Structure formats: structure tokens, C-alpha cells
Amino acid sequence: AKVGVVDSLKRGIEKIPSEASLHSKLVDFYTQEKNTAALPSLYQKFAAKNPTDPTVFWYQGLASFRNADSLRSSFQNQPATEAYEESKKAFVKSVELRADFEETAKYYLDLVPLSLGWCRFQDRKIEEAAQNILILLRRERHEAPARIARRQYPKLISYRARIAADDVNFKFSGNSV
């Protein structure tokens, strides 16, 4: 039954690529099934068939973002970083094709540096993580991402100090970094 639903949604998108509700249901389905890895290639095909449809590119951005979040949550930070960058490109393309997509695209575009910051944090690249979050704090375009960043940035500073102390202690105990 699930395969039939997915096939119906795909066929619907192929017939009416600008229908956002079909995209939303498809992306949500793959997300709920914890199969976001299938989304990027699926949306690359949709984008190739519909190179001027902003809706396709917006949902390609969302699909890549959801996949990136899934990768990051399993500490696959390099593939997550690549997926966040792909997400960013797709959202930018959707806005280039249709200016009124800007407001919703900016929300995700603001979340990208925050998410990249957490990838770097998980890789113990604290300075880079802090810089990514500072990018968002300087923009302050969207209330929610900026609020998240303001909450998280002090934690990064605290972790940075703790890791620096741990590294110093590690070196002084006769080890090398």
C-alpha cells in the first residue's frame, strides 16, 4: 500500500510539478519512513525534467535539507555538509525562478549555517562551528533560526573553552594531539 501511495505522488508530481501539496506529502512520507537518503536523487530527476519550476527546486531544497539533518543526526558530517550545501543551492534557485518564494526559502537558508555549525561542532571544529553560527546571528532575518542560534552560541563558547583545556591537559600528560 505504501509503494502505491509513493508511486501515485510521483506520478502526480510528473503531471503537475508545481503542485506543492504533492511534494509536501512525498517529502513527509520519506521523512516519516526514515528514508530521506532516497530524496535527493528523486528530486534531481524532478529538477532535470522541470528546470524552470520553482516549486520543484524549493522542494528539492527541502528534500536535501531533511536528508542532511538525518545524516547529521547519525554523525555523518561530511555527507551532511554536502547535502546542506545542495539544499542551499536549490533554495536559491527557487527564489531566482520566483521571487515570492524568498520568504520561505530564507528560513531554510538561515538554518543552513546553523546546521553546518553543528556538523563542525560534532567534528570538534569548535572555531568553525562558532563562525557558522555567527553568520546567522549577524543576519537576524528569521526570528526562529536567530533565536536558536542565540541560545546555542554560548554553549559553543563553553565547549570551546572546555575542549581547549582538555587539549592542554592531554598535551601536558605526555601525549600529542
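Source: prediction; values computed, not measured.

Each value, and the rule that gives it
Residues numbered from 1 in each chain as written. Predicted model: local features only at pLDDT ≥ 70, side-chain atom pairs only at ≥ 80, totals over all residues. Heavy atoms only, no water. Buried < 20%, exposed > 50% of the residue type's maximum accessible area, 1.4 Å probe, protein only. Helix = DSSP H or I, 4+ residues; strand = E, 2+ residues; numbered from the N terminus. Contact = heavy atoms within 4.5 Å. Expected span 1.5 Å × (residues − 1). Arc of directions from axis to C-beta. pLDDT = per-residue confidence, 0-100. Phe/Tyr/Trp six-rings, centres within 6.5 Å; stacked < 30°, edge-to-face > 60°. Lys NZ or Arg CZ within 6 Å of the ring centre and 35° of its normal.

This part is about unusual backbone geometry. Of all residues except glycine, most have a negative phi; of all peptide bonds, most are trans. A positive phi angle, near 55°, is found at Lys34, a position not held by glycine. Accessibility expressed as a relative area gives 74% for Lys34, which makes it exposed. A positive phi angle, close to 60°, is found at Phe75, a residue other than glycine. Assignment of secondary structure puts Phe75 in the loop between α4 (54–73) and α5 (77–97).

A few words on the side chain of Asn77. Tracing the backbone shows Asn77 in helix α5. For Asn77, a relative accessible area of 5% translates into the label buried. If we skip the residues at most four places from it in the chain, Asn77 touches Arg72, Cys119, Gln122 and Asp123.

End to end, helix α1 (residues 2–15) covers 20 Å across 14 residues, agreeing with the expected 20 Å (1.5 Å per residue, within 8%). Those residues of α1 that sit buried are Val6, Leu9, Gly12 and Ile13. All buried residues of α1 fall inside an arc of 125° around its axis, so they share one side. Turned more than 90 degrees away from the buried face of α1, the exposed residues are Val3 and Lys15. Against α2 (20–32) and α3 (39–49) lie the buried residues of α1.

Our focus in this paragraph is the confidence of the model for the protein. Of all residues in the protein, 76% attain a pLDDT of 70 or more, and the chain-wide mean is 84. In the model, residues 163–177 has pLDDT below 50 throughout and makes 8 contacts with residues more than four positions away in sequence or in other chains.

Looking now at the side chain of Thr55. In this fold, Thr55 is placed in helix α4. What makes Thr55 buried here is its relative accessible area of 6%. When residues no more than four places from it in sequence are discounted, the contact partners of Thr55 are Pro17, Ser18, Ala20, His23 and Phe101.

Attention now moves to the packing of aromatic side chains. One pass over the structure, following the stated rule, counts 10 aromatic pairs. When the centroid spacing of 6.1 Å and the interplanar angle of 90° are considered together, the rings of Phe29 and Tyr30 count as edge-to-face. Residue Phe29 is classed as buried on the basis of its relative accessible area of 17%. Exposure remark for Tyr30: the relative accessible area of 9% places this residue in the buried category. When the ring of Trp58 is compared with that of Tyr59, the centres are 4.8 Å apart and the planes differ by 65°; the resulting orientation is edge-to-face. The buried category is assigned to Tyr59, whose relative accessible area is 11%. Through a chain of ring-to-ring contacts, three or more aromatic side chains come together here, namely Trp58, Tyr59, Phe65, Tyr84, Phe91, Tyr107 and Tyr108. A cation over an aromatic ring shows up here: Lys93 above the ring of Phe57, its NZ or CZ 5.7 Å from the ring centre.

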